[in-house]
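Fold and geometry: a report
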Amino acid sequence: MIAAIEWIPAGRANPTPSKYEYSRAEQEFLEKVQAGELGEEANENDEEWEDVNDDDASEEEQVEVPAVDPESLPADLRMDDYSDDEDGEDKVGGLLVGKDAEMMIDAAEAADDDNDIDSDDDSEDEDDLADVPDTREFTPLDLEGLHAMGIGGGKSGGDEGYTLEDLQNMTMNNDDLNEEEDDEEEDEDDIDDVKIRDQDALILVAKAEEDFASLEINVFDTEYNNLYVHHDIPLPSFPLCLALGSVVGSYQSNENDGITAGNYVAIGSFEPGIEIWNLDVMNALEPTLVLGGMDTRGSEEEWMRMQMPVSTSANGGGKKKKKKKNKKKDTAGGLREGSHTDAVMSLSWNTVHQQVLASGSADGTVKLWDCTHSTSGKKGDYIRPSATLTHHTDKVQSLAWHPSEGTLLATGGYDRRVCLADARSTDSQSVKTAKLLADCEAIAWDPHNQQYLTVASEDGVVQCWDVRKFGGDPVWSMIAHEYGGVSDMSYNAHVPGMLLTCSIDKTVALWDTLNPSPKPTPCGSKDMNVGRLHSVSCYPSSPWLLACGGSGNEIAIWDVEGEDSIQKRFAGRTSGDANVATSNIEEEEPDVDFEAVMAAGDDQATSKALEGMNKSKKKKGKKGKKVHKRK
């Protein structure tokens, strides 16, 4: 089953991904090797070992084997009774007796006589072949022609070529040269196989098959419409959600003190920990970071201790080290401090403050993580959450950071509420709330009208609120899927007003939300033939590609550029007219900051801010040019 699907924007992935990355323990071990700290570490660990002499073994390790009387063994197991005399088969183990022994002896002697005759014949044949003259004819060697080509010495430029001895040792198919050429061709082929081309679109898929869970990086060749798995990452638990990010704190050595920018994904699962993987490493052995979850520091230290050589110079060459059996290790256990205590159901990476990740869990909490800051100050060390929000009373199913306001976070849960929280405050009283008629399933901000927050619930209803008047009546509401509810939705970042929803009724539906009076206009739906759908995503680098997946465990890609009815409605919005309409909206006097409204401490300041926003909205209505008029 496919639980989550996401497109990777073009240009984010490394065109030539690496095949391997050192794990945390390996990196620390190599750093200690370079720093020459191995001897010190070994001496520090000497107290966990005790001296044992080579010739003094413990009583527990000495095992005495009881003596066995050979006469008590069966005849076929008395190895001392076997004779080395090949002609005495009648005496082997004392097993050949009577007439049977005599018959076998006669047969063996007859066979020996035949062998002697054959060997004599072979020797005579060999002698005869040695007297036969060799009548083969060989083509004479054209040394002058070889010299003209610079072989065998005598190049026109005076450079020495191959000698005659070298020439005689040469063959038409030089194995060494051919192997080198083959290796170069294989290396080039390997690079071509993993290289990401300009026309390749990457799709991230979190899936599970029976007892095996994995994260697949799929490549869709937009030129030839080919889809294949580029590489995958095994996961320890069933994935539930994922989020793309670009800035994390890594244990790898670099100039930025462990802070790296790249192509990363955070994965939430039934485990309380959040794994962050580097998507540009094909054979990654472990995640770059783990936020929360089980404390595994004891196992990492044990691995490091096993790699350290034991110093024997101070103890003498005649002694070895043996680990004490009753030594108790101080290893940490349980969950890390600040971790979620249940499954991680939702994730959202901040696009403004790119190191900030928000997570929602079945434990009813929302946690904010700074992926570059560890409490100890050591790069790659354990990261604790920066804040924990507890405004929900049930599982937190959905999260979404505002696309341009870096501290405004929308959350939705199974307590049938959708909330707006200011990340700068952990006070539940500052959270604004709107009620739903069913459990929340998905949240999305309209990228072209960023004051609009859209929420889908499991009863199939999709509602949109203006966050400047959040808590009141929605701007519009519709029933997107009558059977099965809405499992996910996605806005098209290139086409204003294009909204996609998917459902467990196996269909994807398109909606026009640009002029929702009184509700969005349906623009068609399609059965994707991959089972019940759980996730849908629009490609952020192209206006007409979308992908979805679900219970069928297969990806379905829909190129809506070939749909005449969809093109007739939406194609004009990606041209200059749509840009003029959008720019007219943006050229108005600046809106009052959403963050200022959320942080306002008194009702008077809030009312003034909302009044300013409403005036701005009226001016937008006068200046804004309509792109499409509904008939």
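What you are looking at is a predicted structure, and each value in this text was computed from that prediction instead of being measured.

1. Let's talk about the overall build of the protein chain
- Within the protein chain one finds 11 helices and 29 strands.
- If you take every contact in the protein chain between residues at least 6 apart in sequence, the share linking residues at least 24 apart comes to 55%.
- When the accessible surface of the protein chain is split by element, carbon and sulfur atoms take 47% of a total near 36,000 Å².

2. Some points on the sheet that holds strand E24 (residues 498-502)
- If you trace the 4 strands from one edge of the open sheet to the other, you get E23-E24-E25-E26, paired in antiparallel fashion. The outermost strands of the open sheet, each flanked by one partner alone, are strand E23 (488-491) and strand E26 (521-527). Neighbour-to-neighbour, the strand axes of the sheet open up by a mean angle of 20°, direction not taken into account.
- Bridging between strand E25 (residues 507-512) and E26 involves 5 bridges; their strand directions are antiparallel. Residue pairing in the sheet places Val508 in a bridge with Lys526 of E26.

3. Side note on the pattern of salt bridges
- Going through the model one piece at a time under the given rule, you end up with 9 salt bridges.
- Where Arg573 meets Asp512, a salt bridge forms, and the shortest distance between an N and an O atom there is 2.6 Å. Of this pair, Arg573 sits in the loop between helix H8 (564-570) and helix H9 (576-586) while Asp512 sits in strand E25, and the two are 61 residues apart along the sequence. Of the two residues, Arg573 and Asp512, neither departs from the other in class, the shared state being buried.
- Through salt bridges with shared partners, a single ionic network connects Lys207, Glu209 and Glu216.

4. Re the state of the cysteines
- Enumeration over the complete set of coordinates arrives at 0 disulfides.
- The thiol of Cys440 is unpaired, and the distance to the nearest cysteine sulfur, on Cys419, comes to 9.5 Å.
- A relative accessible area of 0% means that Cys440 is categorised as buried.

5. What to know about the sheet that holds strand E22 (residues 476-479)
- Ordered by their spatial adjacency, 4 strands build an open sheet running E19-E20-E21-E22, and the pairing between neighbours is antiparallel. This sheet does not close on itself; its edge strands, each paired only once, are strand E19 (440-445) and E22. With direction set aside, neighbouring strand axes in the sheet form an average angle of 15°.
- Bridging between E19 and strand E20 (residues 452-457) involves 5 bridges; their strand directions are antiparallel. The residue of E20 that forms the bridge with Ala442 is Ala456.

6. A look at the packing of aromatic side chains
- Scanning all chains against the criterion turns up 3 aromatic pairs.
- Note on Trp7 and Tyr539: the rings are 4.7 Å apart at their centroids and 40° apart in plane angle, and the pair reads as tilted. With Trp7 in strand E1 (residues 2-8) and Tyr539 in the loop between strand E27 (533-538) and strand E28 (545-550), this residue pair connects regions lying 532 residues apart in the sequence. Tyr539 shares its class with Trp7; the two are buried.

7. Structural notes on the side chain of His392
- Tracing the backbone through its elements, the reader meets His392 in the loop between strand E14 (387-389) and strand E15 (396-401).
- Judged by relative accessible area, which is 6%, His392 ranks as buried.
- A polar contact of 2.8 Å, which involves the side chain of His392, links it to the side chain of Thr411.
- Aside from chain neighbours lying at most four places away, what touches His392 is Gly364, Thr411, Gly412, Gly413, Asp415, Arg417 and Cys419.

8. Some points on the pairing of E20
- Extensive coverage of E20 is indicated by the burial of 6 of its 6 residues.
- Side chains Tyr452, Thr454 and Ala456 project from E20 onto one buried face, and the interleaved Leu453, Val455 and Ser457 project onto a second face that is buried too.
- Hairpin connection between E19 and E20: a loop of 6 residues separates the two successive antiparallel strands.
- Bridging between E20 and strand E21 (residues 461-466) involves 5 bridges; their strand directions are antiparallel. Paired with Leu453 across the strands is Trp465, a residue of E21.
- Linkage of E20 to E21, two consecutive antiparallel strands, is achieved through a turn of 3 residues, within which Gly460 is found at a positive phi near 90°.

9. Brief notes about the nonpolar core
- Counting residues in hydrophobic clusters, the biggest one holds 22 residues, and the most contacted among them are Leu204, Leu215, Val265 and Leu279.
- Secondary structure elements with two or more residues in this core: E1, strand E3 (200-209), strand E4 (212-221), strand E5 (226-235), strand E6 (239-249) and strand E7 (259-269).
- Among all residues touching Leu279, those that are not within four sequence positions of it are Ile8, Leu204, Leu215, Ile217, His231, Ile233, Leu244, Asn263, Tyr264 and Val265.
- If you look at the next biggest cluster of nonpolar residues, it comprises 20 residues, including Cys502, Val508, Cys538 and Phe570.

10. Focus on the UniProt feature "repeat: WD" (unreviewed entry) in the protein chain
- Per the UniProt annotation, the sites labelled "repeat: WD" (unreviewed entry) are residues 337-370 and 389-431.
- Within residues 337-370, the helical portion is 0% and the strand portion 50%, while the C-alpha atoms at the span's ends are 15 Å from each other.

11. Considerations on the confidence of the model for the protein chain
- For the protein chain, the average pLDDT comes to 74, and 56% of its residues sit at 70 or higher.
- Note that residues 154-159 has pLDDT below 50 and, in this model, 3 contacts with residues that lie over four places away or in other chains.
- Low pLDDT, under 50, characterises residues 324-332; the predicted model gives this stretch 11 contacts beyond four residues in sequence or across chains.

12. Observations regarding unusual backbone geometry
- In this structure, the amide linkage connecting Ser517 to the following residue, Pro518, adopts the cis form with an omega of 0°.
- Notably, Asn225 is not glycine yet its phi reads approximately 60°, a positive angle.
- Relative to the helices and strands, Asn225 resides in the loop between E4 and E5.
- In this structure Asn225 comes out as exposed when scored by relative accessible area, which is 55%.
- Positive phi, normally seen in glycine, also occurs at Lys506, with a value near 75°.

What counts and what doesn't
Residues numbered from 1 in each chain as written. Predicted model: local features only at pLDDT ≥ 70, side-chain atom pairs only at ≥ 80, totals over all residues. Heavy atoms only, no water. Helix = DSSP H or I, 4+ residues; strand = E, 2+ residues; numbered from the N terminus. Contact = heavy atoms within 4.5 Å. Areas by Shrake-Rupley, 256 points an atom, 1.4 Å probe, with all protein chains shown as cover. Pairing = 2+ DSSP bridges. Axes fitted to C-alpha atoms, helices over the stretch in contact; angles between N-to-C directions. Salt bridge = Lys/Arg side-chain N within 4 Å of Asp/Glu carboxyl O. Buried < 20%, exposed > 50% of the residue type's maximum accessible area, 1.4 Å probe, protein only. Disulfide = S-S within 2.5 Å. Phe/Tyr/Trp six-rings, centres within 6.5 Å; stacked < 30°, edge-to-face > 60°. Polar contact = N/O pair within 3.5 Å; in protein donor to acceptor, adjacent residues only side chain to side chain. Core = buried A, V, L, I, M, F, W, Y, C linked by side-chain atoms within 4.5 Å. UniProt positions renumbered as here; feature names shortened; annotations may be inferred. pLDDT = per-residue confidence, 0-100.

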